[in-house]
Amino acid sequence: MTEPNISISPAVRSPALKKVHIETWGCQMNAADSERMLALLAKQSYELTSSVDEADLVLLNTCHIREKAKHKVLSRLGVLKEIKERRPGMTIAVAGCVAQAEGARLIKAAPQIDILVGPGKIDELPRLLSEHDTSGKRAQAIGFHRHPPALPLSTASAAAVAPPTLSGKREVSRYVNIQQGCNNYCTFCVVPFTRGRELSRSAGDILAECTALVAAGAREVTLLGQNVNSYGSDLADQPSFASLLRAATALPGLERLRFTTSNPHDFTEELAALFATQPRLGRYLHLPVQSGSDPVLLRMQRKVTVASYLERLAWLRQAVPDIALSTDLIVGFPGETDEEFADTMRLVEQVRYGFAFMFKYSPRKNTPAGRYTNQVDEKVKEERLAQLMQLQDKITGEIHAAEVGQTRPVLFHYESNKNPGQFYGRTEHFRLVRVASTVPLTGQVHQVRITSGNKVGLLGELV
Ligand code: 5AD
Ligand code: SF4
């Protein structure tokens with residue numbers, strides 16, 4: 001795919017004087033933030049480069065959700081320090097949740113950082129850059145705005161321009177940030193501390209950006225927030241998430257609309273019913289459960305029980321009987337007993353998720369669970385994670401094997417770089433499918449007969 005990205009704003013096309021290299025860790029929210037920072041930098045005549053060695057600015061957009069993520073950032077900063085010693089003119093910027101949460105500690109550990117910007121202040125990146133360029137000193141902005149501009153492209157005119165893609169190519173599937181922060185305070189989670197309180201973006205801005213993305217060639221949009229179901233509760237007219245979904249599914253030219261992440265606590269019967277009437281929502285939902293044990297859910301402060309979670313799945317299955325589900329699971333939460341872990345295994349067997357993101361609990365500073373004294377032994381966590389992954393792999397493999405012989409509409413997202421002629425797409429159930437074709441398929445929907453499947457994905461042929 002060499003097609004230029006037609007979503008690039010005029011400022012991006014002006015002669016680039018400087019190059020930025022962006023590395024993004026963590027969730028889709030960070031990917032969307034990186035695109036927004038690239039849009040801001042493009043206005044300062046920066047263009048994207050995949051090579052650190054030719055970059056004037058290296059931007060690390062970091063994740064703090066688990067301890068390991070922070071260590072990766074520190075080791076990357078070690079490598080960048082050596083490069084900067086050879087090329088002192090290079091600017092190192094750290095953005096994202098590690099910048100927000102670690103601030104001064106991070107600078108102490110890595111004084112080579114020139115710019116530090118938290119996820120709530122990315123609109124200040126251009127100012128920080130020029131401050132650093134002029135003074136040669138470190139510039140930083142962390143913390144939160146009380147109101148947007150926390151979402152820096154949230155003015156109506158800016159929302160009408162699609163942010164450039166990080167790949168530099170046209171992308172079939174794009175993210176649209178609808179909300180920032182989280183008010184939930186699950187006891188294991190740093191997000192409310194790193195991304196602040198919930199702030200919703202206006203429906204008008206969101207729809208304008210979706211429209212701009214579709215005009216730029218996107219066929220699928222994923223609406224992003226930490227807790228999308230509570231979207232709008234902080235806005236003056238209090239629009240519901242269901243009303244936003246109804247408006248977005250009506251946008252001309254949009255093939256599929258997805259959203260993540262849904263907190264089961266705020267997931268309503270009205271939302272579930274939308275899947276029956278809005279085919280563009282597809283037949284798939286990510287609904288994180290975290291644990292299959294009520295006492296663990298209580299200690300996590302998830303505000304749902306296993307029974308109320310299953311009730312939500314029943315609403316969804318009433319709307320779309322074969323709906324595919326995915327989830328997030330944490331093993332080894334403080335105090336998790338063998339029996340409580342066995343309850344998680346039982347839930348996974350019962351629900352039969354299409355796939356799951358599975359994590360060992362990672363104690364985080366400043367979170368309630370990080371201070372619990374009954375931490376689970378690392379070895380036990382590892383064993384539980386391996387057991388759970390093995391079970392999920394088996395289920396995913398079985399679900400994929402049962403797809404063989406079915407004909408499914410597939411939206412094709414991209415052509416393999418390594419193997420031209422191999423196209424990857426997704427079914428309405430969000431299953432990954434690979435199809436060989438001599439004609440380009442990217443951006444199109446085709447009926448595909450599934451010929452084989454394993455725990456990773458499906459193979460198919462055009463019908
Ligand atoms: N340890 C392990 N996993 C975590 N997650 C969030 N915080 C932690 C933590 N401290 C997982 C949850 C969440 C996903 C984004 O990351 O499963 O849904
Ligand atoms: Fe973290 Fe819970 Fe908020 Fe999700 S809902 S971001 S897990 S605090």
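Scroll up to find the structure.
Residues numbered from 1 in each chain as written. Chains lettered and ligands numbered in written order. Predicted model: local features only at pLDDT ≥ 70, side-chain atom pairs only at ≥ 80, totals over all residues. Heavy atoms only, no water.

Read from one edge to the other, the open sheet built from 6 strands follows the order β2-β1-β3-β4-β5-β6, with strand pairing classed as parallel. With one partner strand each, in any of the chains shown, β2 (46-48) and β6 (139-141) form the two edges of the open sheet. The average angle at which neighbouring strand axes cross in this sheet is 20°, direction not considered. Taken together, the 3 bridges between strand β1 (residues 18-24) and β2 define a ladder with parallel strand orientation. Residue lysine 19 lies in a different strand from β2, and its bridge partner there is glutamate 47. Its contacts with the sheet put helix α2 (residues 28-42) on β1, β2, β3 (57-62) and β4 (91-96), and the angle it makes with β3 is roughly 155°. (Pairing = 2+ DSSP bridges. Helix = DSSP H or I, 4+ residues; strand = E, 2+ residues; numbered from the N terminus. Axes fitted to C-alpha atoms, helices over the stretch in contact; angles between N-to-C directions. Contact = heavy atoms within 4.5 Å.)

Every residue near ligand 1 is listed here: Ile65, Arg66, Phe188, Gln290, Asp328, Ile330, Phe359, Lys360, Tyr361, Ser362 and Arg364. Aspartate 328 is positioned such that a nitrogen or oxygen atom in its side chain is 2.6 Å from an oxygen atom of ligand 1. In isolation ligand 1 has 400 Å² of accessible area, and contact with the protein removes 86% of it. For the shell around ligand 1, the elements supplying multiple residues, two or more each, are β13 (324-331) and β14 (355-360). In terms of residue class, the shell around ligand 1 is made up of 5 nonpolar, 2 polar and 4 charged. (Near = heavy atom within 4 Å. Polar contact = N/O pair within 3.5 Å; in protein donor to acceptor, adjacent residues only side chain to side chain. Areas by Shrake-Rupley, 256 points an atom, 1.4 Å probe, with all protein chains shown as cover. Nonpolar A, V, L, I, M, F, W, Y, C, P; charged D, E, K, R; others polar.)

On to the packing of aromatic side chains, then. In the structure shown here, the tally under the stated rule is 11 aromatic pairs. Pairing tyrosine 185 with phenylalanine 193 gives two aromatic rings, centres 5.7 Å apart and planes at 70°, and the pair type is edge-to-face. In this structure an aromatic cluster arises from ring pairing among Phe188, Phe333, Tyr361 and Tyr372. Across the ring face of phenylalanine 430, the terminal group of arginine 426 is positioned such that the distance to the ring centre comes to 4.1 Å. (Phe/Tyr/Trp six-rings, centres within 6.5 Å; stacked < 30°, edge-to-face > 60°. Lys NZ or Arg CZ within 6 Å of the ring centre and 35° of its normal.)

Another aspect to go through is the packing of helix α3 (residues 67-86) against helix α4 (residues 97-109). Relative to each other, α3 and α4 sit at 45°, their axes nearing to 12 Å. Overall, the two elements α3 and α4 adopt an arrangement that is oblique. Where α3 crosses over α4, the handedness of that crossing is right-handed. Of α4, the residues touching α3 (which contributes Lys70, Val73, Leu74 and Leu77) are Val98, Glu102, Leu106 and Ala109. (Parallel < 35°, antiparallel > 145°, perpendicular 65-115°, else oblique. Left-handed = near helix turned anticlockwise from the far one by under 90°.)

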